[in-house]
Amino acid sequence: MKSIVGLDRPLVIPPGGANSSFFKDIQQALIGVGMLIKDEQLENASLDKDYTSISKFLNRILGIQVDLQNKLFQYFMDTLNHIINNAKKDGVWDMGILDLGSEGENVKKLEARTFIGSFSTGTATTELNKVSSERGLPFETVSTMWQELRTVEEGFFLSNQMRNGKRMAIFVKAAKGVKKNLYQIFRPNTGLQGKLESMQEIKKKYQKVLPKAAEKDWKLQYNSSASQCSHAYWRGNCKRYMVYQSCEVGLRRRTYYILSGSVLSVWSKVEDILATATGPHSKMQILRLKTDDGAKLVGCLIPKNCVPALIAKLSVGATTYSKQFNSADSAVL
């Protein structure tokens, strides 16, 4: 709406082309239905105070010509798609659901603790699952990827600057199905990053090297990231470690706790526990995953520091049992 009245620069070319009368025609039509206010002292119209009301907007535009309605919706959809595509490119697109196992991570189920509670409507089963996600790339895997490259721009890169006596090694591969000259970035500890970058941006921070030159730094970060966060790796210390708190930033192996099953039946208990969490852990998050053996799971992500209190609360008046799965990483919930 702001771009229609000239307050913001349009993100896309309007229907009919840049030189069309789209904005002028839409302004006149929206003034006629009361969504814009005509100010005689200004060339452009101004926004109505309720211009953000979706219900009012949809109701009022029924009063304009059908042809202009279609053009307006096309303009809004083109703008929305442009914003979404940019968010995906920058790695900040959030669908509201955290996906594990869809980008090549190795996801394993470590333990499942089941709670069977009795309610006035019958019994309900809730399950607290502990899973691990391995998202790093061993040097042997990325070396195989290097042998399949097709252009001279792709390959291994080392950072120009050293931090804590170490350089950052990355692997660059041309992205498919997107704008030319955009590349995927792979890191030893986190694998494929969400944001695509141009070669110009990459060369500002990194220099291209042969696999042998990148091997030492790649393996060093890969091995360290199994238990050491990025703060400790690059700075030598971590503020959270110093106050005896855990930190998973940059770890290639992460542990998640997912509550699934009849979550609504115990939601009041879950809500009480989550209310004690602060910062980023206080945000409700739905997690969807696929394990390496093909099993699928959808549930609520439970912060690690809330797990003991949640188990204690769900166990009250419920029948509980747990099952552990074969894994070197498995430990009791």
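About the thresholds
- The residue count restarts for each chain, going from 1 along the sequence in the order it is written.
- With the structure being a predicted model, the display of local features is reserved for residues of pLDDT at least 70 and the display and counting of side-chain atom pairs for 80 or more, all residues being used for whole-chain, interface and lining totals.
- The side-chain numbers reported here are obtained from all heavy atoms of the structure, hydrogens and water having been left aside.
- By the criteria applied, helices consist of DSSP H or I runs no shorter than four residues and strands consist of E runs no shorter than two, each listed in order from the N terminus.
- A 1.4 Å probe rolled over the protein chains alone gives each residue an accessible area, and that area as a share of the maximum for its type sets the label: buried under 20%, exposed over 50%, partly exposed in between.
- Note on contacts: a residue pair qualifies if any of its non-hydrogen atoms lie within 4.5 Å across the two residues.
- For the purposes of this analysis, a disulfide is any pair of cysteine sulfur atoms at a distance within 2.5 Å.
- Pairing of N or O atoms within 3.5 Å defines a polar contact, subject to two protein rules: one partner must be a possible hydrogen donor and the other a possible acceptor, and residues neighboring in sequence count only if both atoms are side-chain atoms.
- Given the number of residues in a helix, its expected span is that number minus one, multiplied by 1.5 Å.
- To get the bend at a given residue, fit one axis to the seven residues ending there, fit another to the seven starting there, and take the angle between those axes.
- The reported arc concerns the directions from the helix axis to the C-beta atoms and nothing else.

Visitor: Sorry, what's going on with the overall build of the chain here?
Guide: For the chain, the count of helices and strands is ten helices and 15 strands. Across the 333 residues of the chain, 39% fall into the buried class. Counting only contacts in the chain whose residues sit at least 6 apart along the sequence, the fraction spanning at least 24 positions is 62%.

Visitor: Would you take a moment to explain the environment of Arg235 for this structure?
Guide: Within the fold, Arg235 resides in helix 7 (residues 230-235). The exposure class of Arg235 is exposed, given its relative accessible area of 59%. Remark: the alpha-carbon pair of Arg235 and Arg163, spanning 72 residues in sequence, is separated by 7.1 Å. Contacts of Arg235, omitting those with residues within four sequence positions, involve Asn164 and Ser230.

Visitor: Mind showing me how you'd approach the state of the cysteines here?
Guide: Where two cysteines share a covalent bond between their sulfur atoms, that bond is called a disulfide. Enumeration according to the criterion identifies zero disulfides in this entry. The cysteine Cys247 is free of any disulfide, with Cys229 supplying the nearest cysteine sulfur at 3.9 Å. Residue class for Cys247 comes out buried when judged on its relative accessible area of 5%.

Visitor: Help me understand the environment of Asn160 in this model?
Guide: Mapping Asn160 onto the fold places it in the loop between strand 6 (155-159) and strand 7 (169-174). For the pair Asn160 and Lys204, spaced 44 residues apart in the sequence, the C-alpha separation amounts to 8.4 Å. Among residues more than four places away in sequence, those in contact with Asn160 are Arg167, Lys203, Lys204, Lys205, Tyr206 and Gln207. Within polar-contact distance, the side chain of Asn160 engages the backbone oxygen of Lys204 at 3.4 Å.

Visitor: Teacher, can you tell me more about helix 6 (residues 211-224) here?
Guide: Since there are 3.6 residues in each turn of an α-helix, residues three or four apart along the chain are aligned in direction. The first and last C-alpha atoms of helix 6 sit 19 Å apart over 14 residues, in line with the 20 Å expected at 1.5 Å per residue. Asp217 marks where helix 6 bends most, by close to 25°. Where helix 6 is concerned, the buried positions are Pro211, Ala214, Glu215, Asp217, Trp218, Gln221, Tyr222 and Ser224.

Visitor: Even after reading the chapter, I still don't get helix 9 (residues 267-274), so can you show me in this structure?
Guide: Turning to helix 9, its buried residues number three or more, namely Val270, Ile273 and Leu274. Down the axis, helix 9 shows its buried residues gathered within 95° of arc, on one side only. Where helix 9 is buried, its residues touch strand 12 (253-261), strand 14 (296-302) and helix 10 (307-315).

Visitor: Help me out: how do you make sense of unusual backbone geometry in this one?
Guide: Of all residues except glycine, most have a negative phi; of all peptide bonds, most are trans. Even without glycine at this site, Asn164 takes up a positive phi of about 55°. Take Asn164: it is sitting in the loop between strand 6 and strand 7. Residue classification places Asn164 among the partly exposed positions, given a relative accessible area of 43%.

That is the geometry; function is a separate question.
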